[in-house]
Amino acid sequence: DVAALAADLPTDKFLDYALRQTVFALKPHWLPALRAGQLQLAQHPARMAMLVRADGTADVRQSLRALLAEPATDRAARETYWRILADVGSTNDLAALLQIQDTALLAKLLPALGTSARARQLRPAGDLVATLRPMLSSGDEKLRAESLRLVGLWSLSSLSSLAHAAALDSKAPE
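Conventions adopted
- Residues numbered from 1 in each chain as written.
- Predicted model: local features only at pLDDT ≥ 70, side-chain atom pairs only at ≥ 80, totals over all residues.
- Heavy atoms only, no water.
- Salt bridge = Lys/Arg side-chain N within 4 Å of Asp/Glu carboxyl O.
- Helix = DSSP H or I, 4+ residues; strand = E, 2+ residues; numbered from the N terminus.
- Buried < 20%, exposed > 50% of the residue type's maximum accessible area, 1.4 Å probe, protein only.
- Expected span 1.5 Å × (residues − 1).
- Bend = angle between axes of the 7 residues up to and from the residue.
- Contact = heavy atoms within 4.5 Å.
- Polar contact = N/O pair within 3.5 Å; in protein donor to acceptor, adjacent residues only side chain to side chain.

**Details of the pattern of salt bridges**
On inspection of all chains with the given rule, the structure shows 8 salt bridges. Of the charged contacts in the structure, one is a salt bridge between Asp 55 and Lys 27, with a shortest N-O distance of 3.1 Å. Of this pair, Asp 55 sits in helix α3 (residues 45-55) while Lys 27 sits in helix α2 (residues 27-35), and the two are 28 residues apart along the sequence. The pair formed by Asp 55 and Lys 27 is uniform in burial state, with each residue classed as buried. Between Arg 83 and Glu 79 there is a salt bridge; the shortest N-O distance is 3.0 Å. Remark: Glu 79 and Arg 83 occur in helix α5 (residues 75-88); sequence separation between them is 4 residues, near one turn of the helix. According to the relative accessible area criterion, Arg 83 is partly exposed, its value standing at 34%. By relative accessible area, Glu 79 is classed as buried at 15%.

Listed below in structure tokens is the structure:
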């Protein structure tokens, strides 16, 4: 936890290097605590993100996936972990994010998929048309709007008629 406090402060390339070395050297100590959910980083997304980015290994991403699978993980922590996986995870992680059943949470996380697509040229694995189609007709306005943005960003032409209809829907909010 102490080394993660550095994420709250400005750094330069020398401090970043020292922090990465600290994360590497102390991994045998912090990884078991992370896996057990004992690190109090959920309230500090920058700290968790710093740790994951500084380490950059698959076992840390797997620990995040395990924490997401825990029923005891609270909603705020769950959102934080999904945002980190959207930022550094695999195409399968992005696909798993699209399967979130909580529509309010999903609507908040969909912009992270757009960011990942623009920054890393990465799209979720699987059939995006089949996954996004139900979101386009969702009763949740924010979910519908964010899924429309992804249809355009990912150039899903087979959903263009639905997107066009949604754009012309006079009952839909602007």
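**So, helix α7 (residues 103-120)**
Compared with the 26 Å implied by 1.5 Å per residue over 18 residues, the 25 Å span of α7 between its first and last C-alpha is a close match. Along α7, the largest kink reaches about 30° and is centred on Leu 109; proline Pro 111 follows within four residues of it. On its buried side, α7 packs onto α5, α6 (91-98), α8 (128-136) and α9 (141-153). Here α7 starts with a cap whose side-chain oxygen sits 3.2 Å from the backbone nitrogen of Ala 104, and that cap is Asp 102. Positioned one or two residues after α7, Gln 121 has a phi angle of 50°, which is positive.

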